[in-house]
Amino acid sequence: MPSSLPYAADAESPLKPQELQVLRAQYEKEGEYVGVQTKFNFAWGLIKSNQRQEQQEGVRLLSNIFRTSPERRRECLYYLALGNHKLGNYAEARRYNDLLLEKEPRNLQAASLRGLIDDKVAKEGMMGVAILSGVAIATGVIGGMIFKGVGRRAR
């Protein structure tokens, strides 16, 4: 389901397999001497994937760039937030996105991603409440049945 937030379009638009393969081939060609830009480009393509394993690899590569290349941190923040959002790591997604918004309060991509993150957190929170309510009701029913059964045996 596409988002109504135009600036967060990256969240739902994976690269074509052949496009990702071009990035992968360049990354593998550079081997142990892979450049930061090549690594970033490949990580970006992986983050956009619909496959969880590729998204995880993209987050790992971007985390490495974030740690080792301070001059590239700002570039990494949005895609680290996006990747963690897609993986369901909403606290991490929010942390990276908030860091970006601190640096760039008017960043429309980050602002729209904040909305996506908040929506997911709210939705999952409501599902959690519903699950806990169901468990509580089931426990009450079972407990009532057990209590009723114990009462009959005691007579």
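In what follows, the structure referred to is the one given above.
Fair warning: this is a prediction, and the values are worked out from it, not measured in the lab.

1. Thoughts on the overall build of the protein
A tally of helices and strands in the protein yields six helices and zero strands. Scanning the protein from its N terminus toward the C terminus, one meets helices and strands in the order α-α-α-α-α-α. Looking at the 155 residues of the protein, the share that counts as buried comes to 34%. In the protein, the share of contacts with a sequence separation of at least 24, taken over all contacts with a separation of at least 6, comes to 54%.

2. Thoughts on the environment of Phe42
Note on placement: Phe42 falls in helix H2 (residues 36-47). The spacing of Phe42 and Tyr27 is 15 residues in sequence and 6.7 Å in space, taken between C-alpha atoms. If we ignore the near neighbours within four places in the chain, the residues touching Phe42 are Leu20, Leu23, Arg24, Tyr27 and Leu61.

3. What about the pattern of salt bridges?
If charged atoms from side chains of opposite charge come close, those side chains can pair. All chains considered together, the criterion is met by seven salt bridges. Arg72 is paired through a salt bridge with Glu75; the nearest N and O atoms lie 2.3 Å apart. Residue classification places Arg72 among the buried residues on the basis of a relative accessible area of 12%. In this structure Glu75 comes out as partly exposed when scored by relative accessible area, which is 28%.

4. Quick look at the nonpolar core
Formed by 32 residues in total, the largest nonpolar core has its most connected members in Phe42, Leu62, Cys76, Tyr79, Leu80 and Leu113. Those elements giving two or more residues to this core turn out to be helix H1 (17-30), H2, helix H3 (52-68), helix H4 (73-87), helix H5 (90-103) and helix H6 (108-154). The element contributing the most residues to this core is H4, with eight residues. In this view, Cys76 contacts Phe40, Leu62, Ile65 and Phe66; residues no more than four positions away in its chain are not counted.

5. Quick notes on the packing of aromatic side chains
Per the stated rule, a full pass over the model turns up four aromatic pairs. Counting every residue linked through ring pairs, the aromatic cluster contains Phe40, Tyr78 and Tyr79. The cationic tip of Arg72 hangs over the ring face of Phe40; the distance from NZ or CZ to the ring centre is 5.7 Å. Its guanidinium or amino end placed over the ring of Phe66, Arg73 lies 5.3 Å from that ring's centre, counting from NZ or CZ.

About the criteria used
- Residues numbered from 1 in each chain as written.
- Predicted model: local features only at pLDDT ≥ 70, side-chain atom pairs only at ≥ 80, totals over all residues.
- Heavy atoms only, no water.
- Helix = DSSP H or I, 4+ residues; strand = E, 2+ residues; numbered from the N terminus.
- Buried < 20%, exposed > 50% of the residue type's maximum accessible area, 1.4 Å probe, protein only.
- Contact = heavy atoms within 4.5 Å.
- Salt bridge = Lys/Arg side-chain N within 4 Å of Asp/Glu carboxyl O.
- Core = buried A, V, L, I, M, F, W, Y, C linked by side-chain atoms within 4.5 Å.
- Phe/Tyr/Trp six-rings, centres within 6.5 Å; stacked < 30°, edge-to-face > 60°.
- Lys NZ or Arg CZ within 6 Å of the ring centre and 35° of its normal.

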